[in-house]
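Breakdown of the fold
In case you want the letters, here they are:
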Amino acid sequence: MRRVSGILLIAIGLLHSLAVVMPGAIGFQGIWREIAQAGFLDAVSSKSLRIWAYYWFLIPGFLIIVFGLLCHWVEHRLNHPVPAVVGWALFVLTVFGVVLDTNTGFWLVMAVAINIIVAAHRAGRTASPGTN
């Protein structure tokens, strides 16, 4: 497996975060007007489920980008695969997401999680005893 997990996660996060610049494309037309009317400060509340949904759509996208940057750094700066435990944790998280909503982008992240697991195990088998 190639060391592409970081780049793939960054791409998924950017795709998820397109809602910032194109909110109308995913059903959030006029959301910034609603946020401004709510006064920006503490606009995310149970009073506006649309603002709440938009907020929770954006935050995971940005977190996926940050996580992707970290994975990319591990893969390319340290020249190591992302640890398998990270892949397994990501896999469990994505399974949970898919179970709750089968029509979801979690499938994309699940593929990256599997890539992380396989790449880490392959690297572990090819490493010499006593090396890290």
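Given the structure is predicted, the values throughout are model-derived calculations rather than measurements.

Locating Glu 34 in the fold gives a position in helix α2 (residues 31-37). Considering only alpha carbons, one finds Glu 34 and Ala 89, 55 residues apart in sequence, at a separation of 36 Å. Contacts of Glu 34, omitting those with residues within four sequence positions, involve Ser 48, Arg 50 and Ile 51.

Here we come to the side chain of Ser 5. Within the secondary structure, Ser 5 sits in helix α1 (residues 5-17). Using a relative accessible area of 1% as the deciding quantity, one classes Ser 5 as buried. Within the local environment of Ser 5, its side chain forms a polar contact with the side chain of Asn 115, the two groups lying 2.8 Å apart.

In this model α1 runs 18 Å from its N-terminal to its C-terminal C-alpha over 13 residues, within 8% of the 18 Å that 1.5 Å per residue would give. Buried residues of α1: Ser 5, Gly 6, Leu 9, Ile 10, Ile 12, Gly 13 and Ser 17, and no others. Down the axis of α1, the smallest arc covering the buried residues is 165 degrees, so these residues share one side.

A complete count under the given rule lists four aromatic pairs for this structure. Where Trp 32 meets Tyr 54, the ring centres are 5.7 Å apart and the plane angle is 90 degrees; that geometry is what we call edge-to-face. Taken as a pair, Trp 32 in helix α2 and Tyr 54 in helix α3 (residues 49-76) lie far apart in primary sequence, 22 residues in all. Relative accessible area serves as the criterion here: at 40%, Trp 32 is assigned to the partly exposed category. Here the aromatic residues Phe 28, Trp 32 and Tyr 54 are joined through ring pairs into a cluster of three or more.

Another aspect to go through is the pattern of salt bridges. For the coordinates displayed, the defined rule picks out one salt bridge. Two residues, Glu 34 and Arg 50, come together in a salt bridge whose shortest N-O distance is 2.7 Å. Of this pair, Glu 34 sits in helix α2 while Arg 50 is found in helix α3, placing the two residues 16 residues apart along the sequence. Exposure remark for Glu 34: the relative accessible area of 25% places this residue in the partly exposed category. Owing to a relative accessible area of 30%, Arg 50 belongs among the partly exposed residues under this scheme.

Cut-off values and rules
- Residues numbered from 1 in each chain as written.
- Predicted model: local features only at pLDDT ≥ 70, side-chain atom pairs only at ≥ 80, totals over all residues.
- Heavy atoms only, no water.
- Helix = DSSP H or I, 4+ residues; strand = E, 2+ residues; numbered from the N terminus.
- Contact = heavy atoms within 4.5 Å.
- Buried < 20%, exposed > 50% of the residue type's maximum accessible area, 1.4 Å probe, protein only.
- Polar contact = N/O pair within 3.5 Å; in protein donor to acceptor, adjacent residues only side chain to side chain.
- Expected span 1.5 Å × (residues − 1).
- Arc of directions from axis to C-beta.
- Phe/Tyr/Trp six-rings, centres within 6.5 Å; stacked < 30°, edge-to-face > 60°.
- Salt bridge = Lys/Arg side-chain N within 4 Å of Asp/Glu carboxyl O.

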